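For reference, the chains in residue letters:
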Amino acid sequence: MRLFAAVLPPEAAVAELASRVAALRGLPGADGLRWTERAGWHFTLAFFGQVDESVLPALHERLARAAHRHPPHEVRLAGGGRFSDKVLWVGVEGDRTTLGQLADSAEAGARRAGLHMDRHRPYHPHLTLARCRGGADLRPYVAGLEDFESGAWTVPELSLVCSHPPTPGVAGAQPRYEVMADWPLGH
């Protein structure tokens, strides 16, 4: 299974973002981007890759501990940015410190559960909105997100999510995400 730990924004924040994304999709060149689907919007905390089922009990135990160590905290979707000319994203404001600590704990927990994790990098919370394989001028889209801010919400839990690959050969097919388990923060 291809797994990752994530924070899932609530429907109210997703609806606010969807409204802004609809406007961005009307910009010139937007049809050249591969837009992510609203149903899959999430903040990846730690990416685990392919995980053997035999590791799941230890991973569950470690992620439960990670969730327990961090309190619910308030954030909001805000602003935007890009990774080079390949990825457009919306950011987060609020208690980014606790969110980053939760990401670090999820990654450390996966290591302790026996998963090989890539070299640790500082956590940069973002929600991917669109990708472009060949590269594109994403600056107009970033500018369209500059003043975006959703209502604040409290992060209640850490989720373990399975990524099912898109159907091969189907144009525009997107991965499908399935929540495998979640753990309340601070409990």
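Let us look at the structure shown here.

The rules behind these values
Residues numbered from 1 in each chain as written. Predicted model: local features only at pLDDT ≥ 70, side-chain atom pairs only at ≥ 80, totals over all residues. Heavy atoms only, no water. Pairing = 2+ DSSP bridges. Helix = DSSP H or I, 4+ residues; strand = E, 2+ residues; numbered from the N terminus. Axes fitted to C-alpha atoms, helices over the stretch in contact; angles between N-to-C directions. Buried < 20%, exposed > 50% of the residue type's maximum accessible area, 1.4 Å probe, protein only. Polar contact = N/O pair within 3.5 Å; in protein donor to acceptor, adjacent residues only side chain to side chain. Contact = heavy atoms within 4.5 Å. Core = buried A, V, L, I, M, F, W, Y, C linked by side-chain atoms within 4.5 Å. Salt bridge = Lys/Arg side-chain N within 4 Å of Asp/Glu carboxyl O.

Moving on, we get to the sheet that holds strand β3 (residues 43-50). The strand order across the open sheet formed by 4 strands is β3-β1-β8-β9, and the pairing between neighbours is antiparallel. Edge positions in the open sheet fall to β3 and β9 (176-184), since each of these has one partner strand only. The average angle at which neighbouring strand axes cross in this sheet is 25°, direction not considered. The pairing of strand β1 (residues 2-7) with β3 spans 6 bridges and is classified as antiparallel. Bridging across to β3, Phe4 finds its partner in Phe47.

Turning to unusual backbone geometry, a few remarks are in order. A positive phi angle, near 55°, is found at Ser84, a position not held by glycine. Here Ser84 lies in the loop between β4 (73-83) and β5 (87-94). With a relative accessible area of 51%, Ser84 lands in the exposed category.

Turning to the side chain of Thr98, a few remarks are in order. Summarising the element assignment, Thr98 is placed in helix α3 (residues 96-112). Reaching out from Thr98, the side chain makes a polar contact with the side chain of Asp95 at a distance of 2.8 Å. With residues near it in sequence (within four places) discarded, Thr98 still touches His70, Pro71 and His73.

Below, the discussion takes up the nonpolar core. Trp35, Phe48, Leu59, Leu129 and Leu158 are the most contacted members of the largest nonpolar core, which totals 53 residues. Residue contributions to this core peak at 6 residues, all from helix α1 (residues 11-24). Phe48 has contacts with Leu3, Phe4, Ala5, Leu59, Leu63, Ala106, Ala110, Leu115, Met117 and Leu160, leaving out every residue within four places of it along the chain.

Close approach of charged atoms allows side chains with opposite charge to pair. All told, the structure shown has 7 salt bridges when counted by the stated rule. A salt bridge links Arg38 to Glu11, with the shortest nitrogen-to-oxygen separation between them at 2.2 Å. One end of the pair, Arg38, is in the loop between β2 (34-35) and β3; the other, Glu11, is in helix α1, and 27 residues separate them in sequence. For Asp147, the salt bridge goes to Arg20, with nearest N and O atoms at 2.7 Å. Here Asp147 is found in the loop between α4 (139-145) and β7 (153-155), whereas its partner Arg20 is found in helix α1, with 127 residues between them in sequence.

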